[in-house]
Amino acid sequence: MKKYFGTDGIRGKYGKDLTDEIAYFTGNCIGKMANGGIVTIGRDTRLSGTALFVQIAKGVLDAGSQVIDLGVISTPAVAHITSLIYAKFGIVISASHNPKEYNGIKIFNYEGRKLLDSEEVEIENFIDKRGKYLNPDRGLLFSNQDAVEKYFNLVKKAAGNDLSGLKIVLDCANGAVSLFAPRLFTELGAEVVSYFDSGDGAVINNNCGALFPEVVADKVVENGADLGFCFDGDADRVIAVDKTGKIINGDSIIYIISKHLHELGKLNKDACVGTLHTNMGVEKSLEKQGIKLYRTDIGDHYVMEKMVNDDLLVGGEQSGHIILREYINTGDGLLTAMYLSRLVKESGKSLLELDDSEHFVQININIISEHKKEIMNDKGLLEYKKQLDKEIYGKGRILLRASGTEPKVRIMVEGESRELCDDIAIRLQQKINKVVERFN
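Here the structure is a predicted model, which is why all the values come from computation and not from measurement.

Chemist: Explain the overall build of the protein here, please?
Modeler: When you go through the protein residue by residue, the secondary structure sums to 15 helices and 19 strands. The C-alpha radius of gyration of the protein comes to 22 Å, within 12% of the 22 Å expected for a compact globule of 440 residues. With the principal axes as the frame, the protein shows a C-alpha extent of 65 × 60 × 40 Å. Across the 440 residues that make up the protein, the buried fraction comes to 59%. A separation threshold of at least 6 residues defines the contact pool for the protein, and within that pool the share at least 24 residues apart is 71%. With an accessible surface of roughly 17,600 Å², the protein has 48% of that area assigned to carbon and sulfur atoms. Taken as two groups, the 55 positive and 63 negative side-chain charges of the protein have centres that lie 3 Å from each other.

Structure, rendered in structure tokens:
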């Protein structure tokens, strides 16, 4: 396990796990690696974002590389613009779906793809050495609104440039897309009802956004809308809602889009990519359509690696990170929302009609602890899990892992029987609680 980087960049509480010093040395290392080239930087609405931007930008500029400040903007926009303008790296200051007190640093390479593990380790080693790299030819700071508009045009293209006749509810999570998502949907002719679009970082993800899809579900029904979307703070993920209020998660979105492309004969190699968390029922449904699901470790950068290596077009996570490689090399909630809206308009079907996939029971439990690494290495716990694995073999599966972005241990138990899943999950939770007590 790496020291600073988790499954999605560097993440932690600002001032505690993620400090200005870490931000400076991260920027300084990236500036050195960029070797005088361009580094784009964007951020979400969090109050700590400005202070972190100052430190990261200073680090890049001290190393002699150039900075393009993209301001408050979504993570996928930064990734796309990085590749569009031939920048060496792109940096996003965001903690995605986490609460306001958290922040993070996500880094993209010149292709708009997240870094490899080896590159993250290189940055970690640089941070730990605390040795500044100072170039006598200090870099310069710029902005580039034209590149931002080109990203907006790409998003509109995914919608077919026309969403007239649709009524759409948006939950912008008071995050990055608060500033432009309602406008873009409206420009395409949709009737938009928008919530949590203040752009106030003090309430980012606060009982809204992708972790609270039931909020949009109620609003879709209340407004008689055709569909709804909820984004997280930096809009690299989206959860959709059907007109009936039914929540459509990332697994279903992967199924809907993969099936659509497969029917058109455009799904490369008749395959898509999910993760260890992807629902077994959805995998079974994809197989019935003649579509192979490949699984990767948790984290959309692992999904992207598989997609690139095997030249596949669709992949993502249950949480709503959806990568449509035909358009962009990272998960993009806004672009995915536009794509799904187009499918609803062109097919004349609701999202629920487009999603005929099967879903097995999944029980998810999060146990909060600052000792997640120690818990995951506890021999007694690992032995107990092996016993439970034998009990559920052939009827389901257990996934136990440490969160890559939060101080949590995550339990997932999946199977066709809710009774069995509940029983296994509760017993495993009780065992972990006893381990946690030892550390407290």
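Chemist: Sorry if this is basic, but what is going on with the pattern of salt bridges here?
Modeler: Note on pairing: side chains with opposite charge can pair once their charged atoms come close. A complete count under the given rule lists 35 salt bridges for this structure. Residue D162 pairs with K345 through a salt bridge whose shortest N-O separation is 3.4 Å. Residue D162 is located in the loop between α5 (145–158) and β8 (167–171), and its partner K345 is located in helix α11 (residues 333–347); the two are separated by 183 residues in the primary sequence. Under the relative-accessibility criterion, D162 is labelled partly exposed at 35%. Take K345: its relative accessible area is 31%, and that puts it in the partly exposed class.

Chemist: Explain the sheet that holds strand β2 (residues 9–13) to me, please; I cannot follow it from the model alone.
Modeler: Hydrogen bonding along the main chain pairs the strands of a sheet, whether they run parallel or antiparallel. The strand order across the open sheet built from seven strands is β1-β2-β6-β5-β3-β4-β7, with neighbouring strands paired in mixed fashion. Each edge of the sheet is formed by a strand with only one pairing partner; in this case those strands are β1 (5–6) and β7 (141–142). Judged from the four bridges that link them, β2 and strand β6 (residues 102–108) form a sheet pairing that is antiparallel. Within β6, the residue paired with I10 across the bridge is I105. Of the strands in this sheet, β3 (38–43), β4 (66–72), β5 (89–93), β6 and β7 touch helix α2 (residues 49–62), which is tilted by about 175° from β3.

Chemist: Is there a simple way to think about the sheet that holds strand β18 (residues 396–402) in this case?
Modeler: Spatial strand order, β17-β19-β18: three strands in an open sheet with antiparallel pairing. Looking at the sheet topology across the chains shown, the edges are occupied by β17 (361–368) and β18. On average, adjacent strands in this sheet sit at an angle of 10° to one another, irrespective of strand direction. Examined bridge by bridge, β17 and strand β19 (residues 408–415) share eight bridges and lie antiparallel to one another. Across the sheet, the residue bridging to N366 is R410, located in β19. Helix α14 (residues 379–392) contacts β18 and β19 of the sheet and is inclined by roughly 160° relative to β18.

Chemist: Hey, could you run me through the layout of surface pockets in this one?
Modeler: Remark: the empty space left among the atoms is shown by a probe the size of a water molecule rolled over them. Empty space within the largest pocket amounts to approximately 1,200 Å³. Along the walls of the largest pocket sit 48 residues, with R237, H277, Q318, S319 and N364 positioned nearest its centre. Elements with a contribution of two residues or more to the lining of the largest pocket: α7 (213–223), β12 (247–248), β17, β18 and β19. At five residues, β17 tops the list of elements feeding residues into the lining of the largest pocket. Of the residues in the lining of the largest pocket, the class split is 15 nonpolar, 20 polar and 13 charged.

Chemist: Looking at this structure, I do not really get α11. What am I missing?
Modeler: Note that an α-helix has 3.6 residues per turn; residues three or four places apart therefore point the same way. In a regular helix each residue adds 1.5 Å, so 15 residues correspond to 21 Å; α11 covers 21 Å between its end C-alpha atoms and thus fits that length. Within α11, twelve of the 15 residues are buried, which leaves the element mostly enclosed by the surrounding structure. Along α11, the residues that are buried comprise G333, L334, L335, T336, A337, M338, Y339, L340, S341, R342, L343 and V344. Between a side-chain oxygen at the N-terminus of α11 and the backbone nitrogen of L334 the separation is 3.1 Å; the capping residue is D332. A positive phi of about 75° marks G348, the residue just after α11.

Chemist: Help me understand α7 in this model?
Modeler: Those residues of α7 that sit buried are P213, V216, A217 and V220. Projected down its long axis, α7 shows its buried positions confined to an angular sector of 110°, all on one face. Of the exposed residues in α7, those oriented more than 90 degrees away from the buried face are D218 and E222. Residues of α7 that are buried in the fold lie against β8, β10 (227–231), β11 (238–242) and β12.

Calculation criteria
- Residues numbered from 1 in each chain as written.
- Predicted model: local features only at pLDDT ≥ 70, side-chain atom pairs only at ≥ 80, totals over all residues.
- Heavy atoms only, no water.
- Helix = DSSP H or I, 4+ residues; strand = E, 2+ residues; numbered from the N terminus.
- Rg over C-alpha atoms; globule rule 2.2 N^0.38 Å.
- Buried < 20%, exposed > 50% of the residue type's maximum accessible area, 1.4 Å probe, protein only.
- Contact = heavy atoms within 4.5 Å.
- Areas by Shrake-Rupley, 256 points an atom, 1.4 Å probe, with all protein chains shown as cover.
- Lys, Arg positive; Asp, Glu negative; His and termini not counted.
- Charge placed at Lys NZ, Arg CZ, Asp CG, Glu CD.
- Salt bridge = Lys/Arg side-chain N within 4 Å of Asp/Glu carboxyl O.
- Pairing = 2+ DSSP bridges.
- Axes fitted to C-alpha atoms, helices over the stretch in contact; angles between N-to-C directions.
- 1 Å grid on protein atoms, 1.4 Å probe; cavity = no way out; pocket = protein on both sides within 12 Å on 5 of 7 lines; lining within 4 Å.
- Points joined across faces, edges and corners; volume = space filled by probe spheres on them.
- Nonpolar A, V, L, I, M, F, W, Y, C, P; charged D, E, K, R; others polar.
- Expected span 1.5 Å × (residues − 1).
- Polar contact = N/O pair within 3.5 Å; in protein donor to acceptor, adjacent residues only side chain to side chain.
- Arc of directions from axis to C-beta.

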